[in-house]
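Structural features, examined
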Amino acid sequence: MCTTFPAYPRTVPTPPATPDAPHVTGAGIAWSLGALVCWTITPLLVEHLTGVFDLWASNGWRYGLAALMWLPLLILTIARGRFPAGLWKRALLPASFSIVAQVAFVGAFYMTGAAMVTFGLRFQIVATAIGAAMLFPAERVVIRRPVFLLGALAVMLGVIGVAAFAPGVFGAAADAEGSSHRDIFGVALAAIAGIGYAGYGMTVRKCLAGVSAQLSFSVISIYVGGAMLLLMVLLSEGPVAQLAAMDGQQWFIFILSVIFGLAAGHVIYFNAMATLGVAPATGVVQLQPLTVAAASYIFLKEVLTAPQIACGLVAVAGAGAMLYTQHVVTRRQKIDRMRTLDTLPLNEAVALEEAELAAADSMPNEDSR
């Protein structure tokens, strides 16, 4: 279980916390747009790799390389004696959610296109809200708001509509029926991935509070990378041959998918929230389904029907309504802003760490009353 843990030594210099920034700055906008670019490019790269690897080899090689990229930080932390006791155990539950989410996320690309996958992922914000209500009572005041609930309903109906209006579902040609069923299954997998990522975020927040984002992610990457490599060995047919058969362009895309999807994107998003604020930065990233839909149309020739686009806009608008309500209520109620619903909760671990330090500094004043 993840309940109460003693204080652990800091592993990195004091990072910026993630409260809402009082002013919009050029740097904040630039970081947010950079995060949006990363999250737009990654689905296109992953989809391209479906023609290079099978599901298990794609996950195994990509996450295996990501784990190697984070391994030096982990070794350095251990060598300096700054590795928190019990961290391996505390990271097990978040890593388990991440493994399920990662398999469902990449698996969705083998069923449907990049745009539909990113629309399906909007389920993450609804699942995060439900998890926050269960685990963090301070957030229930946000979740009970009618606009927030209507936004959640819009997300769910919008995502369902994107799948339901896939070609072949309502009276299209018979030869499209198999494709439409794959689309529905792909969106369902994306929704499962969103739920898994929400569970991952909640457990990071519950189990790894007080541990830096970088160290948390490096430990989780070791677990997830190991699991993906094991699944690749057990379930993939000729993963080494698939890797060896890649040409120069495919190697380039493969490396970019690791950098944008598993390394740089997270760092850039963290800086966006630190400089612009959690709610505004997260709101910018909610445009991802639209940018992915446009990019996939241009580069992959994937076309959504008009009803699918309309339903996708409903889902994005619903996510925006949820984020806006959360932002307004937390400011009015003066709820600690590190409690806001964060779609990249690894960053929130840093915010919680900062809050704990601030609370510790204020303890003498509280005891004197």
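The shown structure was predicted, so the numbers you read here are calculated from the model rather than taken from an experiment.

This paragraph deals with the overall build of the chain. A tally of regular secondary structure across the chain gives 17 helices and zero strands. Counting every position in the chain, which comprises 369 residues, the buried fraction comes to 54%. Taking the intrachain contacts of the chain between residues at least 6 apart in sequence as the baseline, contacts between residues at least 24 apart amount to 87%. Looking at the chain as shown, the accessible area adds up to about 16,200 Å², and 70% of this sits on carbon and sulfur atoms.

What follows deals with helix α4 (residues 92–109). Relative to the 26 Å expected for 18 residues at 1.5 Å per residue, α4 spans 27 Å between its end C-alpha atoms, a close match to the ideal helical length. Judged by how many residues are buried, α4 sits mostly within the fold: 13 of 18 residues are covered.

Okay, the nonpolar core next. Core analysis: the largest hydrophobic core is formed by 53 residues, its most contacted members being Phe53, Phe105 and Ile220. Counting only elements with at least two residues in this core, the list comes to α1 (26–49), α2 (55–79), α4, α5 (114–120), α9 (177–207), α10 (213–235), α12 (248–262) and α15 (288–299). Here the element with the most residues in this core is α4; it accounts for nine residues. In this structure, Phe105 is in contact with Val117, Leu121, Ala193 and Tyr197, ignoring residues within four places of it in sequence.

What follows is about the packing of α2 against α10. Put simply, α2 and α10 touch, their axes get as near as 7 Å, and they point 145° apart. As for the relative orientation of α2 and α10, their crossing is left-handed in sense.

As a further point, take the environment of Thr112. Counting through the fold element by element, Thr112 comes out in the loop between α4 and α5. As for Thr112 and Val187, which are separated by 75 residues in sequence, their C-alpha atoms are 7.3 Å apart. With residues up to four places along the chain from it excluded, the contact list for Thr112 reads Val117, Arg182, Asp183, Gly186 and Val187. At 2.8 Å, the side chain of Thr112 and the side chain of Asp183 are in polar contact.

What counts, and where the lines are drawn
Residues numbered from 1 in each chain as written. Predicted model: local features only at pLDDT ≥ 70, side-chain atom pairs only at ≥ 80, totals over all residues. Heavy atoms only, no water. Helix = DSSP H or I, 4+ residues; strand = E, 2+ residues; numbered from the N terminus. Buried < 20%, exposed > 50% of the residue type's maximum accessible area, 1.4 Å probe, protein only. Contact = heavy atoms within 4.5 Å. Areas by Shrake-Rupley, 256 points an atom, 1.4 Å probe, with all protein chains shown as cover. Expected span 1.5 Å × (residues − 1). Core = buried A, V, L, I, M, F, W, Y, C linked by side-chain atoms within 4.5 Å. Axes fitted to C-alpha atoms, helices over the stretch in contact; angles between N-to-C directions. Left-handed = near helix turned anticlockwise from the far one by under 90°. Polar contact = N/O pair within 3.5 Å; in protein donor to acceptor, adjacent residues only side chain to side chain.

These figures capture arrangement, not role.
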